[in-house]
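Notes for the structure review
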Amino acid sequence: MNASVAEDSVRSLDELLSKCLHCGLCLPVCPTYAVTSDEKSSPRGRIRLIRSLQAHEIGLSDEFIDEMNFCLDCQACETACPAGVSYGPMVEDARNIITSSGREPRGTRFLRKFILNGIIGSARGRKIFNAALSLYQRSGLRDAVQESGILSLLPGTISLRHGLLPHVRGEGFLASTPAVITPYGQVRGRVALLAGCLMDTAFVDVHKDCAEVLLQNGFEVHIPKNQGCCGSLHAHNGEGEKARELARETVSVFSDDRFDAIVVNSAGCAAFMKEYSTLYPEGEEISGLARRVSAKTFEITEFLAGRTFRKPAGVIRKRVTYHDACHLVHTQKVFSQPRDVIRSVPGIDFVELPESTWCCGSAGIYNILRYDDARKFLDRKIANLENTGAEIVLTANPGCHLQLVHGLETSGLHCTVMHPVSLLNLSYKTETV
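Here the structure is a predicted model, which is why all the values come from computation and not from measurement.

A few words now on the overall build of the chain. Scanning the chain from terminus to terminus reveals 24 helices and 9 strands. By its C-alpha atoms, the chain is 65 × 55 × 45 Å across when sized along the principal axes. Sorting the 433 residues of the chain into buried and exposed places 56% on the buried side. For the chain, the share of sequence-separated contacts (at least 6 apart) that also reach a separation of at least 24 residues comes to 77%. Summed over all atoms, the accessible surface of the chain reaches about 18,400 Å², with 53% contributed by carbon and sulfur.

Turning next to the side chain of Asn69. Position of Asn69 among the secondary structure elements: in helix α4 (residues 62-70). Residue classification places Asn69 among the buried positions, given a relative accessible area of 19%. Not counting chain neighbours up to four residues away, the residues in contact with Asn69 comprise Arg95, Glu104, Tyr366 and Arg370.

Further remarks concern the confidence of the model for the chain. When the pLDDT values of the chain are averaged, the result is 91; 95% of them are 70 or greater. Predicted confidence for residues 1-11 stays below pLDDT 50, and this span has 16 contacts to residues more than four positions away or in other chains.

Overall, parallel pairing links the 4 strands, which are arranged β7-β6-β8-β9 in an open sheet. Strands with a single pairing partner mark the edges of an open sheet, and in this sheet they are β7 (349-350) and β9 (416-418). Sheet topology note: the strand β6 (residues 319-322)/strand β8 (residues 392-394) ladder contains 3 bridges and is parallel. Paired with Val320 across the bridge in β8 is Ile392. Taken strand by strand, helix α20 (residues 336-343) contacts β6, β7 and β8, and its axis lies near 170 degrees from that of β6. The sheet contacts of helix α23 (residues 398-411) involve β8 and β9, and relative to β9 the element is tilted by about 180 degrees.

Let's shift gears to the side chain of Asn265. Take Asn265: it is sitting in the loop between β4 (261-264) and α16 (267-274). There is a polar contact of 3.0 Å between the side chain of Asn265 and the side chain of His207. Not counting residues up to four positions away in its chain, the partners in contact with Asn265 are Leu193, Met199, Val206, His207, Cys210, Ile300, Ala396 and His419.

Turning our eyes to something else, we now look at the packing of aromatic side chains. Tallying each qualifying case throughout the model produces 5 aromatic pairs. Centre to centre, the rings of Phe110 and Phe114 are 6.1 Å apart; their planes meet at 10 degrees, and the pair counts as stacked. Of this pair, Phe110 and Phe114 both sit in helix α7 (residues 106-120), separated by 4 residues, roughly a single helical turn. According to the relative accessible area criterion, Phe110 is exposed, its value standing at 58%. Given a relative accessible area of 43%, Phe114 falls into the partly exposed group. Taken together, the ring pairs connect Phe219, Phe298 and Phe303 into an aromatic cluster. When the ring centre of Phe298 is taken as origin, the NZ or CZ atom of Arg307, which lies over that ring, is 4.5 Å away.

Once that is clear, we can look at the nonpolar core. Membership of the largest hydrophobic core comes to 34 residues, with the highest contact counts inside it found for Val191, Leu214, Phe303 and Leu304. Examining the composition of this core, we find that 6 residues originate from one element, helix α13 (residues 204-216), more than from any other. Leaving out residues up to four positions away in the same chain, Val191 has contacts with Leu214, Phe219, Glu220, Val221, His222, Ala261, Val263 and Phe303. In this structure, Cys230, Phe259, Met273 and Val293 belong to the second largest nonpolar core, which totals 22 residues.

Our focus in this paragraph is the packing of α7 against helix α8 (residues 123-138). Between two packed helices, the angle of one axis relative to the other and the distance separating the axes together describe the packing. It is the contact of α7 with α8, at a shortest axis distance of 6 Å, that shows an interaxial angle of 100 degrees. Taken together, the axes of α7 and α8 are roughly perpendicular relative to one another. Residues Gly118, Ile119 and Ile120 of α7 touch α8, and the partners they reach there are Gly125, Arg126 and Phe129. Its residues placed into classes, the contact of α7 with α8 shows 3 nonpolar, 2 polar and 1 charged.

Moving on, we get to the pairing of strand β2 (residues 189-193). Counting buried positions along β2 yields 4 of 5 residues, so the element is predominantly enclosed. In the sheet, β2 pairs with strand β3 (residues 219-222) via 4 bridges, with the strands oriented parallel. For Val191, the partnering residue across the bridge sits in β3 and is Val221. Sheet topology places β2 next to β4; 3 bridges connect them, and they run parallel. Bridge pairing in β4 links Leu193 to Val263.

With that settled, the discussion passes to the sheet that holds β4. The pairing of strands in a sheet happens through backbone hydrogen bonds and is either parallel or antiparallel. An order of β1-β3-β2-β4-β5 is seen for the 5 strands of this open sheet, with the pairing classed as mixed. Two strands lie at the open edges of the sheet, namely β1 (180-181) and β5 (297-299), each paired on one side alone. Pairing between β1 and β3: 2 bridges, direction antiparallel. Along β3, the bridge assignment pairs Ile181 with Val221. Each of β1, β2, β3 and β4 is contacted by α13, which is oriented at about 145 degrees to β3, the strand it contacts most. This element, α16, spans β4 and β5 of the sheet and lies at about 155 degrees to β5.

Calculation criteria
Residues numbered from 1 in each chain as written. Predicted model: local features only at pLDDT ≥ 70, side-chain atom pairs only at ≥ 80, totals over all residues. Heavy atoms only, no water. Helix = DSSP H or I, 4+ residues; strand = E, 2+ residues; numbered from the N terminus. Buried < 20%, exposed > 50% of the residue type's maximum accessible area, 1.4 Å probe, protein only. Contact = heavy atoms within 4.5 Å. Areas by Shrake-Rupley, 256 points an atom, 1.4 Å probe, with all protein chains shown as cover. pLDDT = per-residue confidence, 0-100. Pairing = 2+ DSSP bridges. Axes fitted to C-alpha atoms, helices over the stretch in contact; angles between N-to-C directions. Polar contact = N/O pair within 3.5 Å; in protein donor to acceptor, adjacent residues only side chain to side chain. Phe/Tyr/Trp six-rings, centres within 6.5 Å; stacked < 30°, edge-to-face > 60°. Lys NZ or Arg CZ within 6 Å of the ring centre and 35° of its normal. Core = buried A, V, L, I, M, F, W, Y, C linked by side-chain atoms within 4.5 Å. Parallel < 35°, antiparallel > 145°, perpendicular 65-115°, else oblique. Nonpolar A, V, L, I, M, F, W, Y, C, P; charged D, E, K, R; others polar.

In structure tokens form, the structure reads like this:
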């Protein structure tokens with residue numbers, strides 16, 4: 001980010017900062033404050049730090065940088081705030097300023113840029129990464145390395161981070177699925193489905209389940225072949241310019257008038273696409289198109305629950321619980337809709353997860369960059385999950401999905417992680433068995 005953009009980011013904080021009443025109602029819901037009991041690690045404390053930076057009372061100190069990056073950006077504080085403070089954009093603007101300064105620790109800066117710009121934000125980078133990871137898995141080398149314990153000889157938490165690697169397929173969802181799938185019978189509408197970046201190869205089954213459920217409900221499914229990364233992870237991790245670049249490309253693909261809605265099965269991606277309308281100055285052509293895309297974007301359980309989806313008949317006799325992804329429940333305020341989808345499945349014993357809206361520690365790439373911190377939040381989540389006795393835990397975000405799988409594997413708990421729509425589709429399929 002260049003200097004003028006950084007200055008604009010500082011100025012844009014003023015209105016957000018002035019809303020904070022410093023009442024402290026955000027403290028009990030903040031995961032990082034719960035860990036440290038330190039005021040500066042709370043939303044209220046970070047707002048004071050940002051205000052001090054804006055007023056030139058402090059500089060970009062190591063402490064400031066660490067606190068902005070220690071934040072999970074879970075936005076639970078926004079749900080609790082009586083004044084309606086938009087904390088998420090505030091901390092994300094602060095991260096953009098940090099990125100433009102080049103003041104982060106060199107190792108952190110390199111790893112973040114390599115993941116976000118070298119892999120996720122690059123079509124070529126994703127292709128190389130997916131091919132390499134697919135080969136690593138198919139050759140049996142991944143399992144051999146994990147089981148050998150050789151990684152434990154390396155410094156830090158490399159061996160534990162290795163367990164966060166997704167399982168990818170050589171041929172992704174985009175490559176293996178027709179561009180248009182038409183349901184039998186009357187067509188209720190035409191929707192576009194976001195395949196995403198790494199989700200395209202790491203969550204092929206989730207995409208297929210979502211497409212099949214949409215078809216079962218009479219929607220013609222369009223899967224644009226020229227789509228890519230939506231820019232969500234970049235926006236949340238201090239790469240604002242790259243986020244706008246990727247968002248512009250996504251807008252050009254999904255602003256097609258044929259689509260009645262854009263359906264997204266990743267909470268983080270849906271949240272950011274709904275914010276596209278705020279990314280570009282009024283008057284630019286892209287601004288109008290971005291508003292159109294934002295208005296048409298729905299997280300998939302939100303979409304189904306709002307359109308009287310077909311209730312399944314297939315009985316699934318399992319104890320089930322649900323983890324609320326932060327960018328679904330706090331950013332998009334989607335709470336009841338996933339539960340409506342889950343409770344529609346006959347035979348399940350649905351148990352609410354204690355602290356279901358408490359962050360699991362995934363937070364985009366947080367668990368890669370700050371594994372030890374992320375593990376503290378994950379351990380709390382797994383302890384709550386164990387208390388439910390659930391056989392299946394559902395979540396509507398890929399980062400949460402991978403984090404929960406990792407937590408279950410390292411804790412020795414036997415529980416299956418699924419997307420809510422995958423459970424719904426399983427019930428649809430069971431009807432004919």
